[in-house]
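Listed below are the residues making up each chain.
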Amino acid sequence: MRNAWLGIRSALLWAVSMVHFILAVSLLILLSIFLDPRKLDPLVRIFCRNVLRLAGARFQVTRSPGFDPKKTSFFIANHVNLFDPFVLYNAIPQYIRGLELESHFKIPVYGILMRRYGNVPVPDVRRATDLKRMWRLTQEALEKGVSLVVFPEGKRTLDGRVGPFEDGGFRMAQQLGYPVVPVSITGSFEFNRKDRLWLHPSKIVVHIHDTIETAGMKKEDVPALRERVREIIAAPVDAYYAERERDSKSRG
């Protein structure tokens, strides 16, 4: 009975969310023809907030004292589900865009929005010319004061935990000389997961950690930076699941 109710509830939430998504994205695309996307940033934030609310998620953000919101940075986050971009847009107090797989730019409606609003395409096939284009677009965005979101796992988690990280985003941060900011997302896996369509009532908490400078780092320092950032991001996620396990045992 509970599964049937969750299925009906999820179907209704998806239906309402999709109607809102299509209408809001169409409006944002239309407005971007006439206005600079930076001027539309407050509307985009309202849109992202409403995506989460209509899907049934509650939301909270914590920021470490060492986080510098004035510095253009690479925001490095764990990848949980399709709602991550909306979660991070709500959480990060800067003008941000994402490095996103180029194939996503071909998705109807959504792809047009990503293209018009300046997300950086990451080539699905890593040819030298495509990688050079990605680096050029990344540098151009950063020089304009646009912070960039990177999901270094390269895929969504299947168990809620933080997986291994790839080097790409860290190499760019080191070579271009911009700081990185680790970001942990907890509670989102219980809200929605890759292998299920159900939407569960959940509280999503985003932890924005201290800004880490890359000035003076060498190429050889990238693996250590990658592992340091992964440990920082994984700590709140592991603590979240440890607390859930303790609660489960106490109830049992």
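Because the structure is a prediction, the values reported are computed rather than measured.

**Q** Help me out: how do you make sense of the side chain of Thr 138 in this one?
**A** Tracing the sequence through the fold places Thr 138 in helix α5 (residues 128-143). For Thr 138, a relative accessible area of 0% translates into the label buried. Those residues within four positions of Thr 138 in sequence are excluded, and the remaining contacts are Phe 74, Leu 99, Val 120, Leu 148, Met 172 and Leu 176.

**Q** What should I look at first to understand the packing of α5 against helix α6 (residues 168-176) in this one?
**A** Two packed helices can be described by the angle between their axes and the distance between those axes. With their axes 12 Å apart at the nearest point, α5 and α6 run at an angle of 60° to one another. With respect to each other, α5 and α6 are oriented oblique. Where α5 crosses over α6, the handedness of that crossing is right-handed. In this structure, α5 uses Met 134, Trp 135, Thr 138, Gln 139 and Leu 142 to contact α6, whose residues at the interface are Arg 171, Met 172, Gln 175 and Leu 176.

**Q** Sorry if this is basic, but what is going on with the environment of Phe 86 here?
**A** Structurally, Phe 86 is set in helix α3 (residues 84-91). Along the chain, Phe 86 and Lys 70 lie 16 residues apart, while their C-alpha atoms are 21 Å from each other. Dropping the residues within four chain positions of it, Phe 86 is found in contact with Phe 21, Phe 47, Cys 48, Val 51 and Leu 52.

**Q** Would you explain the sheet that holds strand β7 (residues 202-208) in this entry?
**A** Adjacent strands of a sheet form backbone hydrogen bonds with each other and so pair up, either parallel or antiparallel. Here seven strands make up an open sheet; going across it, the order is β1-β7-β6-β2-β5-β3-β4 and the pairing mixed. Looking at strand neighbours, the two that pair on one side only are β1 (57-63) and β4 (120-122), the edges of this open sheet. Sheet twist, expressed as the mean angle between neighbouring strand axes with direction ignored, is 25°. Relative to β7, strand β6 (residues 180-186) is paired through four bridges, and the arrangement is antiparallel. Following the sheet pairing, Thr 186 is matched in β7 by Val 205. The sheet contacts of α6 involve β2 (74-77), β3 (96-101), β5 (147-150) and β6, and relative to β2 the element is tilted by about 160°. Taken strand by strand, helix α8 (residues 222-251) contacts β2, β6 and β7, and its axis lies near 25° from that of β6.

**Q** Could you clarify how one ought to interpret the nonpolar core in this entry?
**A** The nonpolar side chains of soluble globular proteins are, as a tendency, buried together. By size, the foremost hydrophobic cluster in this structure holds 69 residues, and its most contacted members are Phe 47, Phe 74, Ile 76 and Val 229. For this core, the leading source of residues is α8, giving seven residues. If sequence neighbours within four positions are ignored, Phe 74 has contacts with Thr 138, Leu 142, Leu 148, Val 150, Gly 169, Met 172, Ala 173, Leu 176, Tyr 178, Pro 179, Val 180 and Val 181.

**Q** What is the right way to look at the pairing of β6 in this model?
**A** Along any regular strand the residues' side chains alternate between the sheet's two faces. Counting buried residues along β6, seven of its seven residues qualify, which places the element largely inside the surrounding structure. In β6, alternate side chains face the same way, and those of Val 180, Pro 182, Ser 184 and Thr 186 on one face and Val 181, Val 183 and Ile 185 on the other are all buried.

**Q** Looking at this structure, I do not really get the packing of α6 against α8. What am I missing?
**A** Remark: α6 packs on α8, axes separated minimally by 9 Å, with the N-to-C direction vectors making an angle of 120°. In terms of axis orientation, α6 runs oblique to α8. Along this stretch, α6 crosses α8, giving a crossing that reads as right-handed. Judged by residue contacts, Phe 170, Arg 171 and Gln 174 of α6 engage Val 222, Leu 225, Arg 226 and Val 229 from α8. Per-class residue counts for the contact of α6 with α8 are four nonpolar, one polar and two charged.

About the criteria used
- Residues numbered from 1 in each chain as written.
- Predicted model: local features only at pLDDT ≥ 70, side-chain atom pairs only at ≥ 80, totals over all residues.
- Heavy atoms only, no water.
- Helix = DSSP H or I, 4+ residues; strand = E, 2+ residues; numbered from the N terminus.
- Buried < 20%, exposed > 50% of the residue type's maximum accessible area, 1.4 Å probe, protein only.
- Contact = heavy atoms within 4.5 Å.
- Axes fitted to C-alpha atoms, helices over the stretch in contact; angles between N-to-C directions.
- Parallel < 35°, antiparallel > 145°, perpendicular 65-115°, else oblique.
- Left-handed = near helix turned anticlockwise from the far one by under 90°.
- Pairing = 2+ DSSP bridges.
- Core = buried A, V, L, I, M, F, W, Y, C linked by side-chain atoms within 4.5 Å.
- Nonpolar A, V, L, I, M, F, W, Y, C, P; charged D, E, K, R; others polar.

By themselves, these are just geometric observations and shouldn't be taken as functional.
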